[in-house]
Amino acid sequence: RDNGWTVVGANYELYGRAELDLVAVKDDTVAFVEVKTRTREGLFPPSEAVGREKEKNLAAAAQSFLNNSVAGELIRPGMEVRFDIIEIILLSLREGSVNHIKNAFTADVFVPEPDGGRE
């Protein structure tokens, strides 16, 4: 299900430091989505793998994506930017669970004006 979201980017890498798993747009929101998968439930949920350093690198990759976006009119100045994590826990080959954590963390990332200036 897409729930109205349009995927505008996937596996966007910034100099080997961070990779954006998915970039999706819906209405006035751009979501950068980190997908974490584990084969079974452990002591910690998959989202715990996203620490401060990972957040910082994902934010840098997100800003780079927005600065160099080829998504055209789908991404516009003034849009809300958020960072989500999708946890996938595989219990078997045919069974698992998905947990979508919206606004998993915040960062100072913005959609630039077409001339590159900040709002």
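Owing to the predicted nature of the structure, the values given are computational and were not obtained by experimental measurement. Throughout, a residue's number is its position along its own chain's written sequence, starting from 1. Residues qualify for local features only when their pLDDT is at least 70, as the model is predicted, and side-chain atom pairs are given and counted only at 80 or more; totals for whole chains, interfaces and linings, by contrast, use all residues. The basis for the side-chain values is all heavy atoms of the structure; hydrogens and waters are excluded.

What follows deals with the sheet that holds strand E1 (residues 6-14). When DSSP locates at least two bridges between a pair of strands, those strands are taken to pair. Only DSSP runs of H or I covering at least 4 residues are called helices, and only runs of E covering at least 2 are called strands; the numbering of each starts at the N terminus. Reading across from one edge, E1-E2-E3-E4-E5 is the order of the 5 strands in this open sheet, with mixed pairing throughout. Edge positions in the sheet fall to E1 and strand E5 (96-105), since each has one partner strand and no second. Each strand axis lies, on average, 25° off the axis of its neighbour in the sheet, ignoring direction. Here strand E4 (residues 80-90) pairs with E5 via 7 bridges, running antiparallel. Among the inter-strand pairings, Ile85 is bridged to a residue of E5, identified as Ile101. Across the sheet, helix H1 (residues 52-67) touches E1, strand E2 (18-26), strand E3 (29-38), E4 and E5, and the angle it forms with E2 is around 55°. Note on geometry: axes are lines fitted to C-alpha atoms, helical ones only across the stretch in contact, with angles between N-to-C directions running from 0 to 180 degrees. Contacts: residue pairs with any heavy atoms within 4.5 Å of one another.

Moving on to the nonpolar core. Side-chain atoms within 4.5 Å are what join buried Ala, Val, Leu, Ile, Met, Phe, Trp, Tyr and Cys residues into a set we call a nonpolar core. The classification of residues rests on relative accessible area computed with a 1.4 Å probe and restricted to protein chains. Under 20% of the type maximum is buried, over 50% is exposed, and intermediate values are partly exposed. Grouped together as the largest cluster of nonpolar side chains are 22 residues, with contacts concentrated most on Val30, Phe32, Phe65, Leu66 and Ile75. Looking at this core, the element that brings in the most residues is H1, giving 6 residues. Among residues more than four places away in sequence, those in contact with Leu66 are Val30, Phe32, Ile75, Val81, Val109, Phe110, Val111 and Pro112.

Moving on, we come to the side chain of Arg82. For Arg82, the position within the fold is in strand E4. The exposure class assigned to Arg82 is buried, which follows from its relative accessible area of 11%. Residues in contact with Arg82, not counting those within four places in the same chain, are Trp5, Thr29, Val30, Ala31, Phe32, His100, Lys102 and Asn103.

Looking now at the side chain of Thr29. Structurally, Thr29 is set in strand E3. At a separation of 3.3 Å, a polar atom in the side chain of Thr29 contacts the side chain of Glu80. Once residues within four sequence positions are removed from consideration, Thr29 is found in contact with Trp5, Ala24, Met79, Glu80 and Arg82. For the purposes of these results, a polar contact is taken to be a pair of N or O atoms within 3.5 Å, where, inside protein, one atom must be able to donate a hydrogen and its partner to accept one; residues adjacent in sequence count only when each atom of the pair is a side-chain atom.

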